[in-house]
Amino acid sequence: MLIRTPTMFSFDIFCRVIDNFGDAGVCWRLANELSSPPYQAQVRLWIDDLHTLQKITQLAIAPPLHAPPLSYYIRPNLSIHQWPDPKLLHSFHWPRPHSIIVETFASGIPAGIQQQLTNQHLWIILDHLSAEPWVEECHAVPSYLGTSQPKKYFFYPGFTPKTGGLLRHPKLLSQINDWQTRSRYWQWRQLAHHIKIDEHTIQRLCHSQVFFIFQYNHAPLIDLINFLTLQNRPTTLLFAADQDSLYQSAQHVLHTYSHHDSANNSKEPKLSCIQLPFVSQALFDRLLWSSDFNLVRGEDSWIRALWAQKPFLWQPYPQSQALHVHKLQAWLQLTPLPYAARLLISQWNNPAPVKINFSALHPTVLQHWRTRLQQHVYRLATQPSLSEHLIAFCTEHVPSQNI
């Protein structure tokens, strides 16, 4: 009898980029994890927006082997392929599909692949992450297309043992711990060249509270800035590369406070802003690990901020009828945060403007918030990761014979 091991698995992962960097980020992390130790699976990642993927990975990829569409070989068992434009499909010959098809975020798979699938293939629909209760009921539910068609299952990432788990490579938490036990100066010195800051700025970051900002444009950032300008503690706001609108708004507000700082003979303003260049996923993660407070959005950065174990505000992707607010509240129900933190996160995402209570930013509450997050993260780390769940699921459901 053939015993299937992880090294025998092969995946085709299909990704359409809808939510800017998040979709590409999740798919890349999954492809990278599955093709790395301990799984060492064979993975082809098909994506319709290579430009976005290249921005977040900043890979030194080889010249294309085929054009069009483009194909890049990262290592022997991991390759990236451009999902052909519809105009090119008539002349494109789809390769024989791997044994496991991963359709991400219900974006479909190409007809040229689907036509080749048989009941010897496993078709997994990997959906968006959610903490809502119905996820446990829908996770791993089959959707058979017929006896001659592939086995088809819905796969839901989540926060509980009855879901598909969270993206987390095996050494992630130890890497974060190693990084965060270093001095603040060491951390920012490691990042300095990549984010283009000088020694003076490093010193400022070491002696101020640092807020990292990666939000949608409707975030009530001005309310936060107005609050921070009234505090005595020096603060630096780091804006991610695509935050032009929020950065300009922040600069405009800070300009109105500049005369007040001058009247107090301040050598430097208490609150300052820095807009960062575009960085890779790996550097983005380290910015989260190094900052004191993170403001993140979407799906990928939400979980990266959680693993960072620093207090953070999450801004979910906006949906019609405020469905994203239900998603937010479901996550808060599962996450043991201080009351002030829960209130702040809820008010930050309120569909209607509200007066926001920033008492959660008091140093004592922030420390309590961080301790709660650390405890929560290490509980989550006792559960299998998304990749572990996926490998275990495939072990059980992929036909044992070769295809």
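Structural data are supplied above this passage.
Residues numbered from 1 in each chain as written. Predicted model: local features only at pLDDT ≥ 70, side-chain atom pairs only at ≥ 80, totals over all residues. Heavy atoms only, no water.

A. Structural detail: the overall build of the chain. Each helix and strand counted, the chain has 15 helices and twelve strands in total. Burial statistics for the chain: of 403 residues in total, 53% are counted as buried. Counting only contacts in the chain whose residues sit at least 6 apart along the sequence, the fraction spanning at least 24 positions is 68%. Only carbon and sulfur atoms are counted for the fraction: they give 54% of the accessible area of the chain, which is about 18500 Å². (Helix = DSSP H or I, 4+ residues; strand = E, 2+ residues; numbered from the N terminus. Buried < 20%, exposed > 50% of the residue type's maximum accessible area, 1.4 Å probe, protein only. Contact = heavy atoms within 4.5 Å. Areas by Shrake-Rupley, 256 points an atom, 1.4 Å probe, with all protein chains shown as cover.)

B. How the structure looks around the sheet that holds strand S4 (residues 78–82). Strand order in the open sheet formed by seven strands is S3-S4-S2-S1-S5-S6-S7, with mixed pairing between adjacent strands. Two strands in the sheet have a free side with no partner beyond their single neighbour: strand S3 (71–75) and strand S7 (151–155). The mean inter-strand angle of the sheet, taken between neighbouring strand axes irrespective of direction, is 20°. Taken together, the four bridges between strand S1 (residues 10–15) and strand S5 (residues 100–104) define a ladder with parallel strand orientation. Opposite Ile 13, over in S5, you have Val 102 as the bridge partner. The strands touched by helix H1 (residues 21–34) within the sheet are S1, strand S2 (42–47), S3, S4, S5 and strand S6 (122–126), with S1 carrying the most contacts at an inclination of about 175°. (Pairing = 2+ DSSP bridges. Axes fitted to C-alpha atoms, helices over the stretch in contact; angles between N-to-C directions.)

C. Seen up close, the sheet that holds strand S9 (residues 235–239). The sheet built from five strands is open, its strands ordered S10-S9-S8-S11-S12 with parallel pairing. With partners counted over all chains shown, the strands left at the sheet margins are strand S10 (271–275) and strand S12 (312–315), one partner each. Recorded for the sheet is a direction-independent mean angle of 15° between the axes of neighbouring strands. Note: strand S8 (residues 209–213) against strand S11 (residues 293–297), three bridges, orientation parallel. Paired with Ile 213 across the strands is Leu 295, a residue of S11. Where helix H7 (residues 199–206) meets the sheet, its contacts fall on S8, S9 and S10, and the angle it forms with S9 comes to roughly 115°.

D. Structural detail: the nonpolar core. Ranked by size, the top nonpolar core spans 115 residues in total, and within it Phe 11, Phe 159, Trp 188, Trp 331 and Trp 369 carry the most contacts. Sorting elements by how many residues they give to this core places H1 first, with eight residues. Counting residues in each nonpolar core, the second largest holds eleven residues, with Phe 14, Phe 92, Trp 94 and Ile 109 among its members. (Core = buried A, V, L, I, M, F, W, Y, C linked by side-chain atoms within 4.5 Å.)

E. Highlighting unusual backbone geometry. Going from Pro 37 to Pro 38, the amide bond is cis rather than trans, its omega being 10°. You will see that Ala 106, though not glycine, has its phi angle at about 55°, which is positive. Note that Ala 106 resides in the loop between S5 and helix H3 (111–114). Judged by its relative accessible area of 53%, Ala 106 falls in the exposed class. Of note in this structure, Lys 196 is not a glycine but carries a positive phi near 60°. Structurally, the position occupied by Lys 196 is in the loop between helix H6 (184–195) and H7. Note on Lys 196: relative accessible area 67%, which makes it exposed.

F. Main features of the pairing of S10. Among the five residues that make up S10, four are buried, leaving the element largely enclosed by the rest of the structure. Pairing of S9 with S10 involves five bridges; the strand directions are parallel. Across the sheet, residue Leu 238 finds its bridge partner in S10, namely Ile 274.

G. Layout of the packing of aromatic side chains. The tally for this structure, following the rule as stated, stands at 23 aromatic pairs. Here the aromatic rings of Phe 159 and Trp 302 are separated by 5.5 Å at their centres, their planes lie at 50°, and the arrangement is tilted. You can see Phe 159 sitting in the loop between S7 and helix H5 (172–180) and its partner Trp 302 sitting in helix H11 (residues 300–308), a full 143 residues away along the chain. Classification of Phe 159 as buried rests on a relative accessible area of 6%. Residue classification places Trp 302 among the buried positions, given a relative accessible area of 1%. (Phe/Tyr/Trp six-rings, centres within 6.5 Å; stacked < 30°, edge-to-face > 60°.)

H. Quick peek at the packing of H1 against helix H15 (residues 386–397). In the contact formed by H1 and H15, the axes pass within 10 Å of each other and the chain directions differ by 60°. On the basis of the axis angle, H1 is oblique to H15. The element H1 and its partner H15 pack so that their crossing is right-handed. Side by side, H1 and H15 meet where Leu 30, Glu 33 and Leu 34 of the first sit next to Leu 386, Ser 387, Leu 390 and Ile 391 of the second. Of the residues contributing to the contact of H1 with H15, the split by class is five nonpolar, one polar and one charged. (Parallel < 35°, antiparallel > 145°, perpendicular 65-115°, else oblique. Left-handed = near helix turned anticlockwise from the far one by under 90°. Nonpolar A, V, L, I, M, F, W, Y, C, P; charged D, E, K, R; others polar.)

I. Summary view of the pattern of salt bridges. According to the stated counting rule, one finds eight salt bridges in the structure shown. Linking Asp 48 and Arg 16 is a salt bridge whose minimum nitrogen-to-oxygen distance equals 3.9 Å. Of this pair, Asp 48 sits in the loop between S2 and helix H2 (50–57) while Arg 16 sits in the loop between S1 and H1, placing them 32 residues apart in sequence. The exposure class assigned to Asp 48 is partly exposed, which follows from its relative accessible area of 31%. For Arg 16, a relative accessible area of 32% translates into the label partly exposed. (Salt bridge = Lys/Arg side-chain N within 4 Å of Asp/Glu carboxyl O.)

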